[in-house]
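Residue-level listing of the chains:
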Amino acid sequence: MRGDAHVYRLGTVGSWSDPDDPIAVYNPDGPPVPPSLLTDQEKELLRQAQQRRGLGPIGLVALFRGRLARDPDASTIESMLAGLRHREHLLLQRLTDHDEGDRYIQVLLDEDDTYEVEHQAGTAAERDRTRSASRAAVRDAVLSWAADQPSRRTALEGPEPGDTT
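Residues numbered from 1 in each chain as written. Predicted model: local features only at pLDDT ≥ 70, side-chain atom pairs only at ≥ 80, totals over all residues. Heavy atoms only, no water.

Draft legend 1. Layout of the nonpolar core. Leu81, Leu84, Leu92, Val107 and Val142 are the most contacted members of the largest nonpolar core, which totals 20 residues. Dropping the residues within four chain positions of it, Val142 is found in contact with Ile77, Leu81, Leu92, Ile105 and Val107. By size, the runner-up hydrophobic cluster in this structure holds five residues, among which are Leu38, Leu46, Val61 and Leu95. (Core = buried A, V, L, I, M, F, W, Y, C linked by side-chain atoms within 4.5 Å. Buried < 20%, exposed > 50% of the residue type's maximum accessible area, 1.4 Å probe, protein only. Contact = heavy atoms within 4.5 Å.)

Okay, here's the thing in structure tokens:
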């Protein structure tokens, strides 16, 4: 039998009697919690493991349901997107140098069957978030981003102002 990863969402922190002895109360219906980005140390450990195996550098990782996929191909990413359940995230993170900042794209399938896509290129100020009801548009945007194609953002944005096509 295979177990799934469970994420608990902190609801409140209190104490029965002593403020220095907090008790955490968790709310399983709280907001969805995305997977954490890999730390610089985790990135370095992945690089070292690849090097020990005699493999080339890792450019991209996918985090989905508590599992990590190294350099996932398009069919793996499509399969992960298709397997999203309500309130679940898929996170793709580029393994960049420390001074470049984190670059990632994450997809959340919301309870209303819409997708929330968040993209960050470098600093937190360079973060974009959008929603889409189109699985195909989200798939195309994520695959374009994973392939490092410059058109990745336009796949989820509407037409340019004044565009009549």
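Draft legend 2. Representation of the pattern of salt bridges in the model. Following the criterion strictly, the structure yields 12 salt bridges and no others. The partner of Arg87 in a salt bridge is Glu111, with the nearest N and O atoms 3.7 Å apart. Remark: Glu111 occurs in the loop between strand E6 (102–109) and strand E7 (115–122) and Arg87 occurs in the loop between helix H2 (74–82) and strand E5 (88–94); sequence separation between them is 24 residues. Each of Asp110, Asp112, Glu116, Glu118, Arg129 and Arg131 takes part in one network of salt bridges that share partners. (Salt bridge = Lys/Arg side-chain N within 4 Å of Asp/Glu carboxyl O. Helix = DSSP H or I, 4+ residues; strand = E, 2+ residues; numbered from the N terminus.)

Draft legend 3. Structural context of the pairing of E5. Most of E5 is tucked away, with seven of its seven residues classed as buried. Of the two faces of E5, the one lined by Glu88, Leu90, Leu92 and Arg94 and the one lined by His89, Leu91 and Gln93 are each fully buried.

Draft legend 4. Layout of the confidence of the model for the protein. Taken residue by residue, the protein gives an average pLDDT of 78. The fraction at 70 or more is 65%. Predicted confidence in the protein is weakest over strand E1 (residues 10–14), with a mean pLDDT of 58, and strongest over H2, with 96. Confidence over residues 158–165 falls short of pLDDT 50; this stretch has zero contacts with residues more than four positions distant or in other chains. (pLDDT = per-residue confidence, 0-100.)

Draft legend 5. Structural view of H2. Buried residues of H2: Ile77, Met80 and Leu81, and no others. Viewed along the axis of H2, the buried residues span an arc of 100 degrees, placing them on a single side of the element. (Arc of directions from axis to C-beta.)

Draft legend 6. How the structure looks around the side chain of Ser144. Inspection of the secondary structure puts Ser144 in helix H3 (residues 135–146). Accessibility expressed as a relative area gives 11% for Ser144, which makes it buried. Only 2.9 Å separates the side chain of Ser144 from the backbone oxygen of Asp140, close enough to count as a polar contact. (Polar contact = N/O pair within 3.5 Å; in protein donor to acceptor, adjacent residues only side chain to side chain.)

Draft legend 7. Just unusual backbone geometry, in detail. In this model, Asp71 sits at a positive phi of 40 degrees, which is unusual for a non-glycine residue. Tracing the sequence through the fold places Asp71 in the loop between strand E4 (67–70) and H2. By relative accessible area, Asp71 is classed as partly exposed at 38%. Of note in the backbone geometry, Asp113 takes a positive phi value of approximately 60 degrees without being a glycine. Within the secondary structure, Asp113 is located in the loop between E6 and E7. Judged by its relative accessible area of 46%, Asp113 is partly exposed.

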